[in-house]
Structures are given as C-alpha cells and as structure tokens.
Amino acid sequence: MENHSDIAIIGCGPAGAVAGAILAGKGYSVVIFDRDSHPRHHIGESLLPASMAILQSIGMDSQYMQAHHQGKYGARFFDPVANRLEVFGFALPDQGAPPPTFNVIRETFDMQLRDKARQCGCIIHENMAIATVEEEQSPVHIHSESGQTHCCNFLMDATGASAMLARKHRGREMLPDFGRLAIYNYFANVPAPESADPFERQYLTMHLIDGGWIWFIPLRDGSTGVGVVLKSDAIKKDFDLAGQFWAAMKQSPALYDRLSKATALAAYRPIGDYSYHCDPKIGLHHVLIGDAAGFLDPIFSSGVHLAITSAARAADGVDALLSRGEKLALQQYQADMAAGLRVFQAFVERFYQRDLVRNLFFSADKNPKMRAAIINILAGHVWDLSNPLIAMLQANKPANASRADFAGSTSLKELQVASPAPRMATLDTGL
Ligand SMILES: Cc1cc2nc3c(=O)[nH]c(=O)nc-3n(C[C@H](O)[C@H](O)[C@H](O)COP(=O)(O)OP(=O)(O)OC[C@H]3O[C@@H](n4cnc5c(N)ncnc54)[C@H](O)[C@@H]3O)c2cc1C
C-alpha cells in the first residue's frame, strides 16, 4: 500500500466513488479503501433526476445510463384502500426523450462508479477494512484491520451506515419515529397488472399500508425489487421474515396476488433502524459524506442523491481548503447538507405523522402550483429556494407565514385541517 496521498476515502459506495472521481479529476492523489469488493449487494435502486448532472460530470450521462439501467419517469403512490393511484411524473414515458432518471441494479451501478473513479486516477484498495483512524492530527493516520498504515492530508468518511467517525465521536443520533424495519426481495416473472397499466415498469410505485409502505421497483433485467417498510407498532415479533413480508403485502391485495405468482430470486433480507443524523459533519482534517453523514427513511428515494450530492459538494470544499486554504467552503457544505436533509426530513415526518400522501399528494391535482412544487422536491431539487414549498420548509416558518405563496390552495388548507399538532417543533413548517 502507498504510504501517503493528498486525500484518502474510506468506503467505495456512491459517495466515496463520486468524491474520489471528482478530486482525482482535479489532480489530487486519491486512495480509496473498501472492506468489500465490487460487485457487492446493496439496497437502494431508485435514483432521482437531480442526481443526473453529477453522474454526467463523471462520465455517466443519460445515454450511458440508458444502456445499462431501467428508465424511471416519476414516482407513483397507490392507496389500495381507496384504489387510487397518484402519478408524479418528471417526464412522459412515451415521448422518445432520454429518461429523466433510472432504477439501477446496485451491483452494476456501484461497480460502474468504482470504475469511473479508477479511470479518473483513484487508487482503490478493495477487501481492505479500515479498523481505526487518527484524524485529529496532520497527516491523518489510517490503520487497516490487516495491520497496514496509510497517511493523508485529508480524510473523507464514506463508510455508509457504518458511519465510522460519527460513531467514534458519538455523533450519530437515531430518528426512531421513522420506518424501523424493511424486508425485501427481488422477483422474476411478475405478472402484468389486471387493469391496463402499460407504463408500470417505467415508474417507482409506492403502495400505502398501515404503519408503512411497500416499494415496487422494476429493474432493467426484467426483475422487480419489492420491499415492505414497517414502523415499530406494525412489526410482529413472532413472524419470520417471509411471514412478515407477506402479511404486510396482503394489505395491497392486487399486488399480493401478482407477487404470489412470481418467483422470489433470493432469501428475504431485513434492514432495521436505519434513520439517523450525524453531527458535526466536518473536522479539521476530515469530512463525512453520504450515509456516513446521515440517513433518512427511503420513502422518497433520497439516499443515493444525498450521497453523491454530498460527495460533490464536499469535494469542492476539500479542493478549496487544500488549494487555497479556504475553510469556509466546508462549513458551507455542512450548512447546505443540513438544509437539504431538513426538506426531505420534513416530508418524511409528514408522511408518517400527518398522512402526507393522502392529504397533500392525492389532492395536489387541484392546484398546479402545489403539484409542481411537490414534483420538484420528489425530483431531488431540495436546494431550489424558488420553490415556495422548499423555502417554507427550509426557513422553518411558522404555520401561517407562507400561505400567500399557495393562495387558493385547497390542498394546503385540507392538509392543515387534517393535521394533528406537529411533534417536532424544530421542523414546524406549517404543512
Ligand atoms: C430499506 C432501504 C431502501 C433504500 N432505497 C433507496 C432507493 O430506492 N433509492 C436511493 O437513492 N437510496 C435508497 N436507499 C439508501 C441508499 O442505499 C444509500 O443512501 C446509499 O447507498 C448511500 O451511499 P454511500 O456511498 O453513502 O454508502 P454505501 O453505499 O453503504 O457505501 C459504503 C461503503 O463503505 C464500505 N465500508 C464501510 N465500513 C468500512 C470500513 N471500516 N473500511 C472500509 N470500507 C468500509 C462498505 O463496504 C461500503 O461499500 C435505501 C436504504 C434503505 C435502508
């Protein structure tokens, strides 16, 4: 192993690979360590349109993505009780233009990102788990489990849910009110829906169930990723994983019926307790990016988008620090990420606590301005302050401060009548 680099990155998932590609592209020597080797399994297939510019900047443009992955034209929310489907389209699937974003097979996608990082000049050590780091000194020392040591001027923690540095500094705070358990599998030969739905495979569809939701993510190889997300009160302690999965699935009877006729491709996998904040996200010689900097419930598919956006913004901050001695850029990164997370988090909280989808999404068609504002957030543009809904969420305005922005909005009024008192005062946006 090399003794020294400008930048070392622990973790070669989307965050680590994108940060590495950008910084190596700027001429820094970058070494990435990962305890696994690609291809490796990872959950999180559904991307957002707002990620596409960053992917393009490292050589994965729409044409490249279209050659390997399933086009995704929007997010759909289905209420099996009311038999109602609401479609939030980023574009129309039958217009011939490249898809606005994609559902990806993560084994392939993450390996492609690693390869881009390597092509940009990163040295990547796979199957090398990092055991400890001494990040408060310069140079930073990194020690692998196998006993090797590497030194660098700056360290990026991209260790995903392992959140190596946040755990070390006890800076990881769980968000227990969000989804607590996901159980998922992949299915082949899923029969087409009975009612005509020719574009189902061009979307991500969420089915609403008591205390959670089901994701239905069509993939390029013809398989479909399906998962159930449950809150604590919906978890049945005496059920096995498959029993729990199918019991939840019964709440969307038509989907249950179709999946019963399909072929499960793997064992049922669980992931639990996955929503948390990590603070601070920066230190003198290090920065946290991706899931290592925090993770929100995946209802709005924000994970990979936040991972690669944080990677790109942190990379700019590291470059400003190392090349010009500017410390403010990384502080700005920390503030920006907190603002983006706040918007998604406000949406997720309202999903679980205030029936956001039924109260706002299913009535948004009455107000085109509100509909456009929601689509903008679902597409991942959470830093767009020209979106009045985002300005409201980020500014944390009191209940009546921004109603003028949606004057005449039946749906906003309906939501306020239907909503119980907010439980998290710091995120009281009035929605
Ligand atoms: C149930 C569920 C569903 C999800 N669905 C979606 C979705 O539809 N869309 C979406 O965008 N996101 C989704 N996500 C989130 C998404 O998977 C993550 O946000 C994304 O993978 C984060 O990327 P990352 O690079 O930060 O971390 P990761 O992809 O987890 O990569 C971290 C890397 O660090 C390595 N590592 C960890 N510790 C060490 C160590 N000590 N030494 C060396 N290497 C180490 C790991 O091997 C790994 O390769 C979902 C998450 C969950 C829990």
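Overview of the structure.

Rules of the game
Every chain is numbered independently, its residues counted from 1 as its sequence is written. Under the rules for a predicted model, residues below a pLDDT of 70 receive no local features and side-chain atom pairs below 80 are neither given nor counted, while totals for whole chains, interfaces and linings still include all residues. Secondary structure elements are taken from DSSP: a helix is a run of H or I of four residues or more, a strand is a run of E of two residues or more, and numbering for both begins at the N terminus. Labels follow a simple rule on C-beta atoms placed from the backbone: if 20 or more others lie within 10 Å of a residue's own, it is buried; if 12 or fewer, it is exposed; otherwise it is partly exposed. Remark: residues whose backbone-derived C-beta atoms lie within 7 Å of one another are considered to be in contact. Placing a C-beta atom from the backbone of each residue, we mark the residue near a molecule or strand if the atom is within 6 Å of it. Residue polarity is assigned by list, with Asp, Glu, Lys and Arg as charged and Ala, Val, Leu, Ile, Met, Phe, Trp, Tyr, Cys and Pro as nonpolar; anything else, Gly included, falls into the polar class. Multiplying 1.5 Å by the residue count of a helix minus one yields the expected span of that helix. Helix axes use the C-alpha atoms of the stretch in contact, all axes being lines fitted to C-alpha atoms, and the angles between their N-to-C directions lie in the range 0 to 180 degrees. Left-handed is the label given to a crossing in which the near helix is rotated counterclockwise from the far helix by less than a right angle, and right-handed is the label when the rotation is clockwise. Here, any two strands with at least 2 DSSP bridges between them count as paired.

**Here we look at the overall build of the protein chain**
Then step 1. Within the protein chain, the secondary structure is distributed over 13 helices and 20 strands.
Then step 2. Counting the 431 residues in the protein chain, one finds 49% classified as buried.
Then step 3. In the protein chain, 72% of the contacts between residues at least 6 apart in sequence involve partners at least 24 apart.

**A look at the site of the ligand**
Then step 1. Within the structure, the ligand sits among 38 residues, and Gly13, Gly44, Gly160, Gly290 and Gly303 are positioned closest to it.
Then step 2. Elements with a minimum of two residues in the shell around the ligand: helix H1 (14-25) and helix H8 (303-324).
Then step 3. A total of 4 residues in the shell around the ligand trace back to one element, the largest contributor, which is H8.
Then step 4. Among the residues making up the shell around the ligand, the classes are represented as 20 nonpolar, 13 polar and 5 charged.

**Quick notes on H8**
Then step 1. With 22 residues, H8 ought to run about 32 Å at 1.5 Å a step, and its terminal C-alpha atoms sit 31 Å apart, in line with that.
Then step 2. Of all 22 residues making up H8, 16 are buried, and the element is well covered by its neighbours.
Then step 3. Gly325 sits one or two positions beyond H8 and adopts a positive phi of about 70 degrees.

**Some thoughts on the packing of H1 against H8**
Then step 1. In contact at an axis separation of 8 Å, H1 and H8 are set at 35 degrees when each is read in the N-to-C sense. For the pair H1 and H8, the crossing hand works out as right-handed. In this structure, H1 uses Pro14, Ala15, Val18, Ala19, Ile22 and Leu23 to contact H8, whose residues at the interface are Val304, Ala307, Ile308, Ser310, Ala311, Ala312, Ala314, Ala315, Val318 and Asp319.
Then step 2. Looking at side-chain class alone, the contact of H1 with H8 contains 14 nonpolar, 1 polar and 1 charged residues.

**Regarding the pairing of strand S12 (residues 181-188)**
Every other side chain in a regular strand lies on the same face of the sheet, so the side chains alternate between the two faces.
Then step 1. Of the strand pairs in this sheet, S12 and strand S15 (residues 224-230) are connected by 7 bridges, and their pairing is antiparallel. The partner of Leu181 across the bridge, within S15, is Leu230.
Then step 2. As defined by bridge partners, S12 adjoins strand S16 (residues 263-264) across 2 bridges and the pair is classed as antiparallel. By the bridge assignment, Ala188 is partnered in S16 with Thr263.

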